[in-house]
Amino acid sequence: MSQFEQFRRLAQEIKAEPALSLLSFECFEPVDPSKLTQLETEKGLNLPPELKAFYLQSNGLQLRWAFKNNHLAGPKGLQAWNYPQQAFREEEGSFFLLPLEQLLAPSPYLKELLRPQEVIQFAGQAISLADFYGQMYPLDAFSSYCIQAIYFGQPQAPLYFADEHGLQFEAAFPISVADYFKFVLQTKALSSARQAYLQAPSPPLQEWSKKDWTNLAKKHQFKQLVFEQEFPLAGQAGSDCSTIKSAAMRQRAEQSPAITEEEWQQIVLAHQDFLRAGGAGGQWKMMQLMGQVFGAYQLGRELQKGQQAILDMRRLAPELDLEELQMPYASFCGAWLKYLNFSEAQLQFSLFTDAMLEKAIFAEAQLAGSDFSRACLRGASFLNANLQGADFELADLRGADFRGAILTDARFPGAQLEGVLR
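Residues numbered from 1 in each chain as written. Predicted model: local features only at pLDDT ≥ 70, side-chain atom pairs only at ≥ 80, totals over all residues. Heavy atoms only, no water.

With that settled, consider a negative patch on the surface. Together, E261, E319, D321, E323, E324, E344 and E364 make up a negatively charged patch on the protein surface. With respect to the helices and strands, the residue E364 is situated in the segment after β12 (315–316). (Patch = residues over 30% accessible without salt bridge, like charges linked within 9 Å, V, L, I, M, F, W, Y side chains within 5 Å. Areas by Shrake-Rupley, 256 points an atom, 1.4 Å probe, with all protein chains shown as cover. Salt bridge = Lys/Arg side-chain N within 4 Å of Asp/Glu carboxyl O. Lys, Arg positive; Asp, Glu negative; His and termini not counted. Charge placed at Lys NZ, Arg CZ, Asp CG, Glu CD. Helix = DSSP H or I, 4+ residues; strand = E, 2+ residues; numbered from the N terminus.)

Here's what the structure looks like:
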């Protein structure tokens, strides 16, 4: 199957995925072989065979897609060829292969140069800016900020990635047309993938093993991309937590005396007095001491009444009534809260780092800005909860229920998300 037909198949995959919107798949009349040869002769250029083969099937290609909940995406259908530079929106996927006539037109960069005679080092050669940009032509204008360009100043005319609106090539390495098309196809034309992989410090594609290509394709399956869009940063590694003793914190909490009903009421009332006295609105600063994590609350003023609820490494008894609890800006670092029911509770900007929350219930709870880093939340329920801006870095969320939850600006780097419901 030709690479052009593979792009057609990719468009069909996008169209079939319920969470995605195919904004455009526009192909064009193929270039006449004699015209292609004539243009090459006139320009004194030789196109790579794979690029020639593409133009002999379609003189350019517009492929654009976005997630259906992306309200910043541009219009559907055929766009002008200057669309990426003039009107590009926040679209996740784009492949904007310019038609041959535009590819071989005078380089658009030459008129932008302030010092055309300045000599630069590129690919081990000293070359003037005028000569460099006179041989570097935009090929795939996939965003307003980044392009993939073809460089006729080297044998086989390799491609180079450029950012800074197509002017900055310093971190780029050469790749072949065949490898570039393969990369775009395997990453589903995701624009961010080209920014991530096609410049230093990533290794050049020609150094990749078969396993590297397999892993790339696996990471960019549509189901995985949709999943990571639902759970932002889920595909990224979390920060190093090797010095944090989460298990020891939970064990200490489990073995501590359970908070009694009488003590709990005192804690709740004191925290409410803290809030009424103006205790809300402060900032948590996370600290670590001998492997244990806790938060230092910074408010910037002294309070005359109340006491903030600090329940680090404490155990709450299962008989406590926690539904509709009013306790924002509280700290439960390393606490033992297994099986507890916090339905409809107000717990905004609270700390639950390293806590044991297996099968805890937070249905319809307010948890905006709360921190669940490294917490055990296996089987927990966040049904219809507000989790805007919450942090789940390295949390164990296997089997958790996020149906109906608000996840705007929530973070999930390094989180375990197998079996979650959404």
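Inspection of every chain in the model, using the stated rule, returns 15 salt bridges. With a closest N to O distance of 2.7 Å, D401 and R403 form a salt bridge. Taken together, the salt bridges that share partners define one network made up of K338, E358, R378, D396 and R398.

What describes two packed helices is the angle between their axes and the distance between those same axes. Contact geometry of helix α7 (residues 177–186) with helix α9 (residues 210–219) gives a least axis separation of 9 Å together with a crossing angle of 35°. Contacts from D179, K182, F183 and Q186 in α7 reach W213, L216 and A217 in α9. A per-class count over the contact of α7 with α9 returns four nonpolar, one polar and two charged. (Axes fitted to C-alpha atoms, helices over the stretch in contact; angles between N-to-C directions. Contact = heavy atoms within 4.5 Å. Nonpolar A, V, L, I, M, F, W, Y, C, P; charged D, E, K, R; others polar.)

Attention now goes to the state of the cysteines. All chains considered together, the criterion is met by zero disulfides. For C241, which is in no disulfide, the shortest distance to another cysteine sulfur is to C376 and amounts to 14 Å. For C241, a relative accessible area of 29% gives the class partly exposed. (Disulfide = S-S within 2.5 Å. Buried < 20%, exposed > 50% of the residue type's maximum accessible area, 1.4 Å probe, protein only.)

Further remarks concern α7. The set of residues buried in α7 consists of V177, Y180, F181, F183, V184 and L185. Positive backbone phi, at 55°, marks K188, one or two positions downstream of α7.

Relative orientation of the contacting elements helix α1 (residues 3–16) and α7 amounts to 10°, with a least axis distance of 10 Å. One element, α1, and the other, α7, form an angle in the roughly parallel class. Between α1 and α7 lies a crossing of left-handed hand. In this structure, α1 uses Q3, Q6, F7 and L10 to contact α7, whose residues at the interface are A178, F181, K182, V184 and L185. In terms of residue class, the contact of α1 with α7 is built from six nonpolar, two polar and one charged. (Parallel < 35°, antiparallel > 145°, perpendicular 65-115°, else oblique. Left-handed = near helix turned anticlockwise from the far one by under 90°.)

Bringing the nonpolar core into the picture now. In this structure, F7, Y55, F95 and L103 are the most contacted members of the largest nonpolar core, which totals 53 residues. Counting residues per element, this core draws most heavily on α7, which supplies six residues. Setting aside residues up to four positions removed in sequence, F7 forms contacts with F25, F54, L61, L63, F95, F181, V184 and L185. Listed in part, the 49 residues of the second largest apolar core include A330, A385, A405 and F412. (Core = buried A, V, L, I, M, F, W, Y, C linked by side-chain atoms within 4.5 Å.)

Residue placement: S381 occurs in the segment after β12. Within the structure, the side chain of S381 is placed 3.4 Å from the backbone nitrogen of L383, a separation counted as a polar contact. In this structure, S381 is in contact with A360, I361, F362, A363 and D401, ignoring residues within four places of it in sequence. (Polar contact = N/O pair within 3.5 Å; in protein donor to acceptor, adjacent residues only side chain to side chain.)

Residues A200 and P201 are joined by a peptide bond in cis, for which omega reads 10°. Inspection of the secondary structure assignment puts P201 in the loop between α8 (191–197) and α9. With a phi angle near 55°, K188 is a residue other than glycine that sits in the positive phi range.

To continue, consider the packing of aromatic side chains. Overall, the coordinates contain 46 aromatic pairs when judged by the stated rule. Look at F54 and F95: their rings are 6.5 Å apart centre to centre, the planes differ by 65°, and that puts the pair in the edge-to-face class. Residue F54 is found in helix α3 (residues 49–55), and its partner F95 is found in strand β3 (residues 93–97); the two are separated by 41 residues along the sequence. Each member of the pair, F54 as well as F95, is classed as buried. Residues F352 and F372 carry aromatic rings whose centres are separated by 4.8 Å and whose planes lie at 5° to one another, so their mutual orientation is stacked. Of this pair, F352 sits in the segment after β12 while F372 sits in the segment after β12, placing them 20 residues apart in sequence. What makes F352 buried here is its relative accessible area of 0%. For F372, a relative accessible area of 0% corresponds to the buried category. Ring-pair connections join several aromatic residues into one group, and the members of that group are F231, F332, F342, F352, F362, F372, F382, F392, F402 and F412. (Phe/Tyr/Trp six-rings, centres within 6.5 Å; stacked < 30°, edge-to-face > 60°.)

A few words on helix α11 (residues 246–255). Every buried residue of α11 is accounted for by S246, M249, R250 and A253. Down the axis of α11, the smallest arc covering the buried residues is 95°, so these residues share one side. Of the exposed residues in α11, the ones pointing more than 90 degrees away from its buried face are A247 and Q255. Check the buried side of α11 and you find it contacts β11 (292–298) and β12. (Arc of directions from axis to C-beta.)

Further remarks concern the pairing of β11. Only one face of β11 is buried, namely the one carrying V293, G295 and Y297, since none of Q292, F294, A296 and Q298 on the opposite face is buried. The pairing of strand β10 (residues 283–289) with β11 spans seven bridges and is classified as antiparallel. The partner of Q283 across the bridge, within β11, is Q298. Turn length for the β10-β11 hairpin, with the two strands adjacent in sequence and antiparallel, is two residues, and the turn residue M290 shows positive phi of about 55°. (Pairing = 2+ DSSP bridges.)

Among the secondary structure elements, L340 is positioned in the segment after β12. Taking C-alpha positions, L340 is 57 Å from V177, a pair spaced 163 residues apart along the chain. Contacts of L340, omitting those with residues within four sequence positions, involve L316, A317, P318, L322, A360 and I361.

By themselves these figures say nothing about function.
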